[in-house]
Amino acid sequence: MEKITSFTIDHLKLLPGLYVSRKDQVGNNVITTFDIRMTRPNFEPVMNTAEIHTIEHLAATFLRNHKDFADKTIYFGPMGCRTGFYMVLAGDYTSKDVLPLVKEMYAFMKDFEGEVPGACAKDCGNYLDMNLNMAKFISKKFYDEVLENITDERLIYPE
């Protein structure tokens, strides 16, 4: 079997950032998958499931209610390796195209107050595995250290 695209990226060179993971043609439409890499693979500790789960709830709710991207949002969810998230949008985008959206989303998450959307037994299959304080902490860290002054090195996959 051939390696899938995400396994061809050198994870030893990959820094936290916002990358186009792939573009797929579906009928007449392009679907763009983004790699939102929050921790450096194989160098930094991975995120715990509680904060990942909380970020997933917050980000998915944010995206599906966004004035410009609600109808373009296909999916937002965690990577199995727990170093980041995939964001899938309908449309042909670059990392720079969606950088304002991602910055807005992480600003929303780092400053979020209140009940996490969908964090109850009726709405979620594992609602007790949430950690809002840690989700806010790592969202702020990513916003401050990566998104705020992002460079091309963190917008384009390493060679």
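To be clear, the structure that these remarks concern was listed above.
Rules behind the numbers
- Throughout this description, residue numbers start from 1 for each chain and increase along the sequence as written.
- Local features in this predicted model are restricted to residues whose pLDDT is 70 or higher, and side-chain atom pairs enter the listing and the counts only when it is 80 or higher, whereas totals over whole chains, interfaces and linings include all residues.
- Heavy atoms from the whole structure form the basis of all side-chain values; hydrogens and water molecules are not counted.
- Only buried residues count toward a nonpolar core, which is a set of Ala, Val, Leu, Ile, Met, Phe, Trp, Tyr and Cys residues joined through side-chain atoms within 4.5 Å.
- Each residue gets one of three labels from its accessible area relative to the maximum for its type: buried under 20%, exposed over 50%, partly exposed in between, using a 1.4 Å probe on protein chains only.
- Secondary structure elements follow DSSP: runs of H or I no shorter than four residues count as helices, runs of E no shorter than two count as strands, and numbering proceeds from the N terminus.
- When checking whether two residues touch, look at their non-hydrogen atoms; a contact exists if any pair is within 4.5 Å.
- To estimate how far a helix should reach, multiply one less than its number of residues by 1.5 Å.
- By definition, a residue's bend is the angle between the axes fitted to the seven residues ending there and the seven starting there.
- Put simply, a salt bridge is a Lys or Arg side-chain nitrogen that is within 4 Å of an Asp or Glu carboxyl oxygen.
- A strand pair is defined by DSSP finding two or more bridges across the two strands.
- An axis is simply a line fitted to the C-alpha atoms; with a helix, the fit covers only the stretch in contact. Between two such axes, the angle follows the N-to-C directions and lies from 0 to 180 degrees.

Caption draft 1: The nonpolar core, seen in detail. Counting residues in each nonpolar core, the largest one holds 37 residues, and the members touching the most others are I36, M38, F76, M87, M105 and Y106. Within the residue set of this core, elements represented by two or more residues are β2 (29-37), α1 (49-64), β4 (84-90), α2 (95-110) and α3 (132-147). Residues within four places of Y106 in sequence aside, it is in contact with I36, M38, F85, S139, F142, Y143 and L147. Counting five residues, the second largest nonpolar core, distinct from the first, contains I9, L14, Y19 and Y157.

Caption draft 2: Representation of α2. Between its first and last C-alpha, α2 extends 21 Å over 16 residues, near the 22 Å set by a 1.5 Å rise per residue. In the structure, α2 departs most strongly from a straight axis at L101, where the bend amounts to approximately 30°. Of all the residues in α2, the buried ones are S95, V98, L99, L101, V102, M105, Y106, M109 and K110. Turning to α2, the residues buried within the fold contact β1 (17-26), β2, α1, β3 (73-78), β4 and α3.

Caption draft 3: Main features of the pattern of salt bridges. In total, this model carries 12 salt bridges according to the counting rule given. For K67, the salt bridge goes to D68, with nearest N and O atoms at 2.9 Å. Look at K67 and you get exposed, because its relative accessible area is 74%. The class for D68 is partly exposed, based on a relative accessible area of 40%. Between K140 and D144 there is a salt bridge, and its shortest N-O distance comes to 2.4 Å. Of this pair, K140 and D144 both sit in helix α3, separated by four residues, roughly a single helical turn. With relative accessibility at 32%, the residue D144 sits in the partly exposed group. Several salt bridges converge on common partners, so that one network encompasses E44, K141 and E145.

Caption draft 4: Main features of the sheet that holds β3. Ordered in space as β1-β2-β4-β3, the four strands form an open sheet in which the pairing is antiparallel. Of all the strands in the sheet, the pair left with one neighbour each is β1 and β3. Averaged over all adjacent pairs, the angle separating strand axes in this sheet is 15°, with direction ignored. Inspection of the sheet shows β2 paired to β4 by seven bridges, in the antiparallel sense. Bridge pairing links I36 to F85 in β4. Those strands touched by α1 are β3 and β4, and its axis lies near 170° from that of β3. Of the strands in this sheet, β1, β2, β3 and β4 are in contact with α2, which crosses β4 at around 120°.

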